[in-house]
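Secondary and tertiary structure notes
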Amino acid sequence: MMFEHVDGQPVLELDDEQSWRLLEGTKHGRLVVSVAGEPDIFPVNYVTANRKIYLRTAPGNKLAQLTINSMVLFETDGILSEEAWSVVLRGKARVLSNSAELAAVEELGLKTWVPTLKDFYVEIEPTSVSGRHFEFGEQPEREI
C-alpha cells in the first residue's frame, strides 16, 4: 500500500505533502473551468514545479474559459488493483506571457500528448490541495 491507514479505516485523508507527492508523480489529470455558472472539464497532461501545475493548450474553449474565470479545479487520480487515490487542487490559472517565465517552463520538458500545436502555457497557482487514499474491500455487513 502507498499509505498506512489507521485502525483499518478504508479512507485516508491525505496531508499536503502526501497530496503533492501524488501530484508530482502523475502526468495526467482533468482541468475544470466554469464560465457563467457552466462547468466544463478537460483531460490534460501536466508537469509540476515549485508547487505549481503547468500545462499546454491551444486556442479554444479551455483557453478562453480560464481567461474569463481564472479560478479552476484540477483533479488527478490513480487506480491500482487494491487501492486508489484522488487529489483535488483549487487554484488560480493564468496564461504565461513573460519571456523569462516561458523560458523557465520550457525547461520542464512538457510535451503534448497528441501531435498538435499547443503554443500557450498555463500556470495554476494553488489556493488549496486535498487528497484521499482508498483501500479496496468488500462492503461490511450492516448491523441490525
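Residues numbered from 1 in each chain as written. Predicted model: local features only at pLDDT ≥ 70, side-chain atom pairs only at ≥ 80, totals over all residues. Heavy atoms only, no water.

Going by the annotation in an unreviewed UniProt entry, the name recorded for the protein chain is Flavin-nucleotide-binding protein, with Pseudarthrobacter scleromae given as the source organism.

**A closer look at the overall build of the protein chain**
We apply this condition: For the purposes of this entry, the term helix denotes a DSSP run of H or I that reaches at least four residues, the term strand denotes a run of E that reaches at least two, and both are numbered from the N terminus. Note on classification: 1.4 Å probe, protein chains only; a residue is buried when its accessible area is under 20% of the maximum for its type, exposed when over 50%, partly exposed between these limits. The contact criterion used throughout is that any non-hydrogen atoms of two residues lie within 4.5 Å. Surface accessibility follows the Shrake-Rupley procedure with a 1.4 Å probe radius. Residue values consider only the protein chains on display as shielding. Only four residue types enter the tally: Lys and Arg on the positive side, Asp and Glu on the negative side, with His and both chain ends excluded. In plain terms, the charge of a residue is placed at NZ if it is Lys, CZ if Arg, CG if Asp and CD if Glu.
Helix and strand content of the protein chain: three helices and eight strands. Ordered by position in the sequence, the α and β elements of the protein chain form the string β-α-β-β-β-β-α-β-β-α-β. Every one of the 144 residues in the protein chain was classed for burial, and the buried ones make up 35%. At a minimum sequence separation of 6, the contacts of the protein chain that also span at least 24 residues come to 69%. Working note: accessible area of the protein chain is about 9,100 Å², and carbon and sulfur atoms make up 52% of it. In the protein chain, which carries 14 positive and 23 negative side-chain charges, the distance between the mean positions of the two groups comes to 9 Å.

**Description of the pattern of salt bridges**
Rules: Each salt bridge in this description consists of a side-chain nitrogen of Lys or Arg and a carboxyl oxygen of Asp or Glu lying within 4 Å of one another.
The full count for this structure, using the stated rule, is seven salt bridges. Between Arg-51 and Glu-17 there is a salt bridge, with its nearest N and O atoms 2.9 Å apart. One end of the pair, Arg-51, is in the loop between β4 (47-49) and β5 (52-57); the other, Glu-17, is in helix α1 (residues 16-24), with 34 residues separating them in the sequence. Close ionic contact of Glu-125 with Lys-52 constitutes a salt bridge, the shortest N to O distance being 3.9 Å. In this pair, Glu-125 sits in strand β8 (residues 120-135) while Lys-52 sits in strand β5, placing the two residues 73 residues apart along the sequence. Judged by its relative accessible area of 43%, Glu-125 falls in the partly exposed class. Three or more residues are tied together by salt bridges with common partners; here these are Lys-52, Arg-94, Glu-101, Glu-123 and Glu-125.

**Considering the pairing of strand β2 (residues 28-35)**
The test is simple: We treat two strands as partners when DSSP finds at least two bridges between them.
Where β2 and strand β3 (residues 38-45) come together, eight bridges link them in antiparallel fashion. When the sheet's bridge partners are listed, Leu-31 is paired in β3 with Phe-42. Here β2 hands over to β3 after two residues, with Ala-36 in that stretch at a positive phi of 50°.

**Let's talk about the pairing of β8**
Pairing of strand β1 (residues 11-14) with β8, which is carried by four bridges, proceeds in the antiparallel orientation. Of the residues in β8, the one forming a bridge with Val-11 is Phe-134. Relative to β8, strand β7 (residues 83-95) is paired through 13 bridges, and the arrangement is antiparallel. Its bridge partner lying in β8, Ala-84 is registered against Phe-134.

**Examining helix α2 (residues 61-68)**
Every buried residue belonging to α2 is among Lys-62, Leu-63, Gln-65 and Leu-66, and all of these are buried. For α2, the secondary structure elements touched by its buried residues are β2, β3, β5, β6 (71-79), β7 and β8.

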